[in-house]
Structures are given as C-alpha cells and as structure tokens.
Amino acid sequence: MTHSVSGIPRRTSAVAALALAGLLATAAPAATAAPSAPAAPAAAVAAPDIPLANVKAHLTQLQSIASANGGNRAHGRPGYKASVDHLKAKLDAAGFTTTVQQFTTSGATGYNLIADWPGGDPNKVLMAGAHLDSVSSGAGINDNGSGSAAVLETALAVSRAGLKPAKHLRFAWWGAEELGLVGSKYYVNNLPTTERAKVSGYLNFDMIGSPNPGYFVYDDDPVIEKTFKDYFAGIGVATEIETEGDGRSDHASFKNVGIPVGGLFTGASRTKTSAQAQKWGGTAGQSFDRCYHSSCDTTANINDTALDRNSDALAHAVWTLSAGATEPPAGDTYENTADVAIPDNGTPVTSSVTVSGRTGNAPAALRVTVDVVHTWRGDVVIDLLAPDGTAYRLKNSSGNDSADNVRETYTVDASSEPANGTWRLRVQDVAQYDTGYLSGFSLTF
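Residues numbered from 1 in each chain as written. Predicted model: local features only at pLDDT ≥ 70, side-chain atom pairs only at ≥ 80, totals over all residues. Heavy atoms only, no water.

**Focus: the overall build of the protein chain**
Here is the rule: Per the convention used, a helix needs a DSSP run of H or I reaching at least four residues, while a strand needs a run of E reaching at least two, with both numbered from the N terminus. Exposure is judged per residue with a 1.4 Å probe applied to protein chains only, and the accessible area is read against the type maximum: over 50% gives exposed, under 20% gives buried, and values in between give partly exposed. It only takes one pair of heavy atoms within 4.5 Å for two residues to be counted as in contact.
On a plain count of helices and strands, the protein chain comes out with 9 helices and 19 strands. Out of the 445 residues in the protein chain, the part that is buried amounts to 53%. Summarising the internal contacts of the protein chain: among those between residues at least 6 apart in sequence, 80% fall at separations of at least 24.

**Brief notes about the sheet that holds strand 7 (residues 199-205)**
Where we set the bar: If DSSP finds at least two bridges between two strands, the strands pair. Here, axes are lines fitted to C-alpha atoms. For helices the fit covers the stretch in contact, and angles between N-to-C directions go from 0 to 180 degrees.
The strand order 3-4-6-5-7-10-8-9 describes an open sheet built from 8 strands, whose pairing is mixed. Only two strands of the sheet have a single partner each, and these edge strands are strand 3 (97-105) and strand 9 (240-241). Along the sheet, helix 2 (residues 78-93) contacts strand 3, strand 4 (108-117) and strand 6 (167-174); its crossing angle with strand 4, the most-contacted strand, is approximately 15°. Docked against the sheet, helix 3 (residues 141-161) engages strand 4, strand 5 (121-131), strand 6 and strand 7, running at close to 145° with respect to strand 5.

**Topic: unusual backbone geometry**
The omega torsion across Asp 143 and Asn 144 is 5°, close enough to zero to call that bond cis. Relative to the helices and strands, Asn 144 resides in helix 3. Residue Ala 176 is not a glycine yet carries a positive backbone phi of 55°. Mapped onto the fold, Ala 176 is located in the loop between strand 6 and helix 4 (182-189). One non-glycine residue, Leu 181, lies in the positive phi region at around 60°. Following the sequence through the fold, Leu 181 ends up in the loop between strand 6 and helix 4. The buried category is assigned to Leu 181, whose relative accessible area is 7%.

**Focus: the pairing of strand 15 (residues 380-385)**
Counting buried positions over the 6 residues of strand 15 gives 6, a clear majority of the element. Side-chain alternation along strand 15 places Val 380, Ile 382 and Leu 384 on one buried face and Val 381, Asp 383 and Leu 385 on a second face that is also buried. What sits between the antiparallel neighbours strand 15 and strand 16 (residues 391-395) is a turn of 5 residues, in which Gly 389 has the positive phi angle 95°.

**Thoughts on the confidence of the model for the protein chain**
Using the following cut-off: For every residue, the pLDDT score states the predictor's confidence, bounded by 0 at the bottom and 100 at the top.
Mean pLDDT over the protein chain: 88, with 89% of residues reaching 70 or higher. For the stretch residues 4-43, pLDDT sits under 50, and the model shows 83 contacts to residues farther than four places along the chain or on other chains.

**So, the environment of Lys 124**
The topology assignment puts Lys 124 in strand 5. For the pair Lys 124 and Lys 198, spaced 74 residues apart in sequence, the C-alpha to C-alpha distance is 5.1 Å. Apart from the residues within four sequence positions on either side, Lys 124 is in contact with Lys 167, His 168, Lys 198 and Ser 200.

**Notes on the state of the cysteines**
The test is simple: Disulfide: a pair of cysteine sulfur atoms within 2.5 Å of each other.
Evaluated as defined, the whole model comprises 1 disulfide. Here Cys 291 engages in a disulfide with Cys 296; their sulfurs sit 2.1 Å apart. Residues Cys 291 and Cys 296 are joined through a disulfide that is left-handed, its torsion about the S-S bond being -115°. Since its relative accessible area comes to 13%, Cys 291 is described here as buried.

**Side note on the packing of helix 1 (residues 52-67) against helix 2**
Under the convention used in this document: Crossings are assigned a handedness: left-handed for a near helix turned anticlockwise from the far helix by less than a right angle, right-handed for a clockwise turn. For this scheme, ten residues count as nonpolar: Ala, Val, Leu, Ile, Met, Phe, Trp, Tyr, Cys and Pro. Four count as charged, namely Asp, Glu, Lys and Arg, and the remainder, Gly too, count as polar.
Running from N to C, helix 1 and helix 2 cross one another at 145°; their axes reach a closest spacing of 9 Å. The element helix 1 and its partner helix 2 pack so that their crossing is right-handed. Contact residues: helix 1 offers His 58, Gln 61, Leu 62 and Ile 65, while helix 2 offers Gly 79, Ala 82, Ser 83, His 86, Leu 87 and Lys 90. Residue composition of the contact of helix 1 with helix 2, grouped by class: 4 nonpolar, 5 polar and 1 charged.

**Looking at the packing of aromatic side chains**
For clarity, the threshold we go by: Note on aromatic pairs: the rings of Phe, Tyr and Trp (six-membered ring only in Trp) are paired at centre separations within 6.5 Å, and the planes decide the class, stacked below 30 degrees, edge-to-face beyond 60, tilted for the rest. We call a charge positioned over a ring when the NZ of a Lys or the CZ of an Arg lies within 6 Å of the ring centre and within 35 degrees of the ring normal.
One pass over the full model with this rule turns up 17 aromatic pairs. Between the NZ or CZ atom of Lys 81 and the centre of the ring of Tyr 111, over which it lies, the distance is 5.3 Å. Taking NZ or CZ as reference, Lys 279 lies 5.1 Å from the ring centre of Trp 280, over its face.

**A word on the packing of helix 6 (residues 222-234) against helix 9 (residues 304-322)**
To keep it simple, the criterion reads: Orientation categories follow fixed angle ranges, with anything under 35 degrees roughly parallel, anything over 145 roughly antiparallel, 65 to 115 roughly perpendicular, and all other angles oblique.
The interhelical angle for the contact between helix 6 and helix 9, taken along N-to-C directions, is 130°, at an axis separation of 9 Å. Taken as axis vectors, helix 6 and helix 9 run oblique relative to one another. Crossing geometry of helix 6 relative to helix 9 is assigned as right-handed. Contact residues: helix 6 offers Val 223, Ile 224, Thr 227, Phe 228, Tyr 231 and Phe 232, while helix 9 offers Arg 309, Asn 310, Asp 312, Ala 313, Leu 314, His 316, Ala 317, Thr 320 and Leu 321.

**Here's the deal with the environment of Asp 230**
With respect to the helices and strands, Asp 230 occurs in helix 6. Each C-alpha atom of the pair Asp 230 and His 316 lies 10.0 Å from the other, and the pair is 86 residues apart in sequence.

**Overview of the nonpolar core**
The cut-off we apply is this: Nonpolar cores are built from buried Ala, Val, Leu, Ile, Met, Phe, Trp, Tyr and Cys residues. Side-chain atoms within 4.5 Å join them into one set.
Counting residues in each nonpolar core, the largest one holds 65 residues, and the members touching the most others are Phe 171, Trp 173, Leu 203, Phe 205 and Phe 228. Not counting chain neighbours up to four residues away, the residues in contact with Trp 173 comprise Tyr 80, Leu 87, Leu 91, Tyr 111, Asn 112, Leu 113, Ala 115, Ala 130, Leu 132, Ser 148, Val 151 and Leu 152. Ile 342, Ile 382, Val 427 and Leu 443 belong to the second largest nonpolar core, which has 29 residues in total.

Laid out in structure tokens, this is it:
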C-alpha cells in the first residue's frame, strides 16, 4: 500500500454553477419509498476452497525472487520484473491470455500484468487485482505479496474449474503502486471510454495477511461490499469498514473514473484497539502490521488464518459477481431529496427522514447514501444523527481530498438504535473558499 499523496493546491473561488439562491437551511422529511424487489440474479456456482498451502507457496517464490535480487521487488529493480515474469509463466500455462503493459515513471520502466480468462460477456468485465511491487526496503510479502498471491491462486482456481462465468474475467497485477498508484492509473487512463464502460467492477486486494490482523471491507460499491460481508458473516467473522487505505491503493484509480470498486484489507500501521482485539484476537496496542514498509516484511510476517479467510472471500466474490449478480441489495429506503445550502466555513446544516412502522432496532449494516455537491470535498464533514442524537461520523475533513462532490454509500452499525424516529444527516463545511449543497440522502434498512 502506498503512502498518502500530497493534495492539489486549493481553489480560491466557488464554481459559479453551484447557484444556491433560494435553498433552505433545513429540509422537511420525505415520505417512505420502499423499492420493489429486484429480479433474482443468475445463480452462482459455489467457489472452491482456495488452498492456503498454494497461496503460501506463491509467497515463498516471491520471497526467493526478492532474496535473489537485492532483497526487494520494487519498481525499477530486477526483482519486480522477475516477479512479473514468474506470474506470467504460471498464467500462460493455465490458459490465460496475458498482456504486459509498459510505462515509465521515476526514470525507470514499469510493468502491469493483465490476464484475461477466455469467454464471458465482453461488455461486462469483472476485474480483480493487486499491486505486485514492494517498497525498496524489503521483500514486501504482506504488502503486497499477500494480495498478489491470493489473486494469482484464484485465477489458477478459475482455470482448474474450467469456469464459464456470465461476465468476462480479468485479473491484474499493478506496478509502481508504492510510488503513487502509477501502474493502475496508467492502465485506467489508457482505457478508451468505451472499454471503461464495460468494466462492471474492480476488486482490490492490498495487504490481506497482516500478522496482527483486522477484517476490513471497503464500503464503496454496495453490491461488492455486501458480497464480501455476506461471506464473512457466513463464517462467523465480524468485519469493519476499511478507512486506513482510503484513496491509497489501486481501487482509487478505478473509482475516480466511476467504476464500481470494493476490496479487502487486514490493516497496516494503525494500532489495533482493545475492542478490535476482543473481536478478532491478536494484540491490542500494536500495529496491524509492525513490519509495514520495512525489511521484516518477509514470509514470517503473515497470519495464516487471515490469509486463508481473505483468499477464500476473494474467490467467493469472483465466482458470485461474475455470475451476473449486479442488483443492489434489497431493503426499504427512506430518503429526502430536498436541497440544503451548506454555508462556506459555517454552521452545520441538517436534512431529516422519519422512519416509522418498523419493529426492533436499526440494522448492523444500515446503508446511508449521501449526495453532496461541493467544489472541494475535503472541506466537508458528515455525520448521521440517530433519533436520540447519537452521532455516527461518516466522513472527516481532509486537506488532501481535493476532488469535487461526495457521492458515497456508507455502512453504519446502528444496531443499538431503535429503527423508528427522525434520523438526520448533518453536514458542515469547515474551511473557507468553497461552496456546495446537500442534494439529498437516504437510509436503506
């Protein structure tokens, strides 16, 4: 996983198109809108168990490549190209059509490896990928041999099964991620618009075997998110929303051009809390990966249980989503679409919906869909307020978050809150010079 990249210089004037005249400071609750049930998706063939021994064997080979090439597999170093060649040979032998894409950055040639599985609808492409490069200080076995090996073994499992998915399957290993997502950005930027439109989803796997692991799921596309959460719920493993790697791994390259994304993560330099240690085991007060970006990120720096579970979850998602399950998860939706002006560097504003007629508490995976139109989303702080006033932080401000708008679906564990009552979305602009408005929000139970 790459370090955060620096932000773009702030704009100092609002975009004129955001005409806010006449907008109210608050909005009235809208009526309940319960969606009709979606058509049933095509039944997916159950994914096979991904053998942990096979995934670990790939890690051993990546370690050997690093050891034979100066101790790393970094961009521009011989260990990286040797890693690409090694994976390509395995995929070619398994019947994939492989392509090595070259690019140049930091004065050296970089490589992406793309592997297409023959068949499936070419207008509906499901991708799964991981960055293959390490930092220069070590072999990069958790970061990101773990994701690379699991994606490789899942691809080989597709071949062994002779899988004939409804969608076309494409696997990818990215170069120069550690230098700022360079390889994946190059791939996406060089995809013609018509080809981008064919990618129905991209699944990212960056650090999935951390030695003191957590179980984190990206909260980007709701279908992909639910696919992973359902898998972990089925094996009795609690998950949390992934926040440490937001915008810092290759899924961001796809998300930034509107491609649905999702993925898994077991933690990097952040510290595991006592609550997380109680939930998942491991050691509270220590990093999820104490060897993050260090020379000790070797084959000894892997938690086998986490690697096994995440590899199986990866395969489950590939098998399930490639079968054509593209409908969003069903549920009752309550929304308010009235516009609310957000004062520049001003007081918070709210929009509300009233939920009634439900029994019991809100779900542990309450989906909150937010549509904020804004000229600098890094200024925006968003909270969901339960009927009793309890605040659930959805988005913090960030000086490095220079994009427009906040159009996201967040998942909140609201299982301690009664479902019925007035729920509010609170939005505040906490810095000067940029303006916007809340276009609406919805809750899906």
